[in-house]
Amino acid sequence: MNTLIQNGTVVTSTSTTKADVLIDGETIREVRAGIPAAGANVIDATGLYVIPGGIDCHTHLDMPFGGTTSADDFETGTRAAAFGGTTSLVDFAIQARGTRMRDALDTWWKKAEGRACIDYGLHMIVTDLGQCGLEDMDDMVREGVASFKLFMAYPNVLMVDDATIFKALSQTAKNGALICMHAENGSVIDVIVARAIAEGKTAPVYHALTRPTRAEAEAVHRAIAMSEIAGAPVYIVHLSSEDALNQVREARDRGVPAFAETCPQYLLLSIEELERPNFEGAKYVFTPPLREKQNLPKLWKGLKHDHLQVVSTDHCPFCFEDQKILGKDDFTKIPNGGPGIENRLQLMYHYGVNQDQLSLNRFVEITSTAPARIFGMYPRKGEIAAGSDADIVLWDPNAVYTISAKTHHMRVDYSMFEGYEVTGNARTVMSRGEVIVDRGQWLGKAGRGRYLRRAARGGAWK
Ligand code: URP
Ligand code: ZN
Ligand code: ZN
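Residues numbered from 1 in each chain as written. Chains lettered and ligands numbered in written order. Predicted model: local features only at pLDDT ≥ 70, side-chain atom pairs only at ≥ 80, totals over all residues. Heavy atoms only, no water.

**Structural notes on the sheet that holds strand 16 (residues 258–262)**
Reading across from one edge, 8-11-12-13-14-15-16-17 is the order of the eight strands in this open sheet, with parallel pairing throughout. Edge positions in the sheet fall to strand 8 (54–59) and strand 17 (310–311), since each has one partner strand and no second. By the bridge criterion, seven bridges tie strand 11 (residues 86–94) to strand 12 (residues 119–125) in an arrangement that is parallel. Within strand 12, the residue paired with Leu-89 across the bridge is Tyr-120. Relative to strand 8, helix 12 (residues 360–374) is tilted by about 65 degrees, and along the sheet it contacts strand 8, strand 14 (178–182), strand 15 (234–236), strand 16 and strand 17. (Pairing = 2+ DSSP bridges. Helix = DSSP H or I, 4+ residues; strand = E, 2+ residues; numbered from the N terminus. Contact = heavy atoms within 4.5 Å. Axes fitted to C-alpha atoms, helices over the stretch in contact; angles between N-to-C directions.)

**Considering the nonpolar core**
In this structure, Phe-148, Met-181 and Ile-236 are the most contacted members of the largest nonpolar core, which totals 118 residues. Considering every element that reaches this core, the biggest residue donor is helix 7 (residues 213–230), with seven residues. Beyond its immediate sequence surroundings of up to four residues, Met-181 is in contact with Leu-150, Met-152, Ile-165, Ala-223, Val-234, Tyr-235, Ile-236 and Val-237. Counting residues in each nonpolar core, the second largest holds 16 residues, with Cys-180, Tyr-235, Ala-372 and Ile-374 among its members. (Core = buried A, V, L, I, M, F, W, Y, C linked by side-chain atoms within 4.5 Å. Buried < 20%, exposed > 50% of the residue type's maximum accessible area, 1.4 Å probe, protein only.)

**A word on the pattern of salt bridges**
With the rule as written, the count across this model stands at 34 salt bridges. Between Asp-119 and Arg-432 there is a salt bridge whose closest N-O contact spans 2.8 Å. Of this pair, Asp-119 sits in strand 12 while Arg-432 sits in the loop between strand 19 (421–431) and strand 20 (434–438), placing them 313 residues apart in sequence. When sorted by exposure, Asp-119 lands in the same class as Arg-432, which is buried. (Salt bridge = Lys/Arg side-chain N within 4 Å of Asp/Glu carboxyl O.)

**Description of the coordination of the zinc ion (ligand 2)**
Summarising the metal site, the zinc ion (ligand 2) is bound by the protein donors Lys-149 (NZ), His-182 (ND1) and His-238 (NE2), whose distances to it range over 2.1 to 2.2 Å. Linear spacing of the donor residues for the zinc ion (ligand 2) on their chain is K-x32-H-x55-H. Between the zinc ion (ligand 2) and the zinc ion (ligand 3), the interatomic distance is 3.9 Å. Here Lys-149 is found in strand 13 (residues 147–151), whereas its partner His-182 is found in strand 14, with 33 residues between them in sequence. Residue classification places His-182 among the buried residues on the basis of a relative accessible area of 1%. (Donors = N, O, S within 2.8 Å, 3.2 Å for Na, K, Ca; no water.)

**Focus: the environment of Ile-94**
Among the structural elements, Ile-94 can be located in strand 11. Spatially, the C-alpha atom of Ile-94 lies 17 Å from that of Leu-452, the residues being 358 residues apart in sequence. Among all residues touching Ile-94, those that are not within four sequence positions of it are Met-63, Pro-64, Ala-104, Trp-108, Met-124, Ile-125, Thr-127 and Leu-158.

**Re the sheet that holds strand 6 (residues 41–44)**
Ordered by their spatial adjacency, four strands build an open sheet running 5-4-1-6, and the pairing between neighbours is mixed. With one partner strand each, in any of the chains shown, strand 5 (27–32) and strand 6 form the two edges of the open sheet. Ignoring which end each strand starts from, the neighbouring axes of this sheet average 20 degrees apart. Relative to strand 6, strand 1 (residues 3–6) runs parallel, the two sharing four bridges. Looking at strand 6, one finds that Leu-4 is bridged to Val-42.

Shown next, in the form of structure tokens:
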């Protein structure tokens, strides 16, 4: 049976219109005013915005990291995402050093199989190009893994050298994939960290104090310069500071295809959070760290003016009680990462749209359409138009919601935004035509989410 969404306001990245949306099975069939109901199952969207489902292109579900594993798996993480209006995500498989990328892809497919509640794609984290790495990259692109993450941070764990980065960028110039860069100068940071530890500075706040914004800006500058030499675009992940943003803006002003995302935590929180008593600062230990307050308005401005293109979450949850505690006596042992997959749209709507930092269309663009384009999913995802997947959120702009670990669906024992009251929330969430969340009730099922084969030469190449 067809479904007809009636009486809503359809909001895309480019338009806001009173229109009905007709869904046939998994796909949007028609979008216009006055579509006759003719036997369709009707959903009344009076007073609601009809927006494309959110796309979170930076999550870490079931990821081994920092001597433990991120607390959400593909079931709990994708279900929590759906409650917040996110209907697709792109997670990261990790190539273990000395192994083939296909092994990592198989491992991550197994993690997702039978568990994913929404559609998911995968980036590949490259740790080693070895003998076959460049061939492996082409192999991954054929499998729909159209993007790779490389680390300029975490020496001896995930960091790769400039030669590896340059080779990988050069390979994408041929195969049309996109390099995502964790841009921080890990070697310099390691020296500063060692000095701090030697001086007995072990509290969580030293995680932030040992990672200067210049170390981020330098790496962003280097990553962009290498991408220019290679003739390939580059995408900077989780950009956190004005200093780093200036590097992206300068490159974009010169016409360089440099792209960047930031995350709600960098837009809304600052370094003071790491000074919370009773080791609670550890809840805010992730990388890059929270910055001084003056960075926040600069990031908002960057989003508004398209110096930043995407807001993702970098969702990488570790429970406070039994995981963050690993670093009780030494901040370097605190697992790096924070939860957020469920609250991205709520926070961006409330602090962006309600507080006049973003237009409604820009809100849709940075949370859905831009990630779909940049990561090779558009127009199947990120759009409300005939032929697109019926991944649709009925957004209630007046719903008042208080974020709390007591009520959230993420499998983690704290929220970085505990007690924040937001106005605007997902009322009904559809994934490929199926209502999976309605008025706070879970109607989906584990395993229904499908692997998304993403196209190379996506939006970053145009
Ligand atoms: O602290 C973070 N961001 N943890 C996840 C891994 C990464 O660097 O994205
Ligand atoms: Zn990273
Ligand atoms: Zn990450």
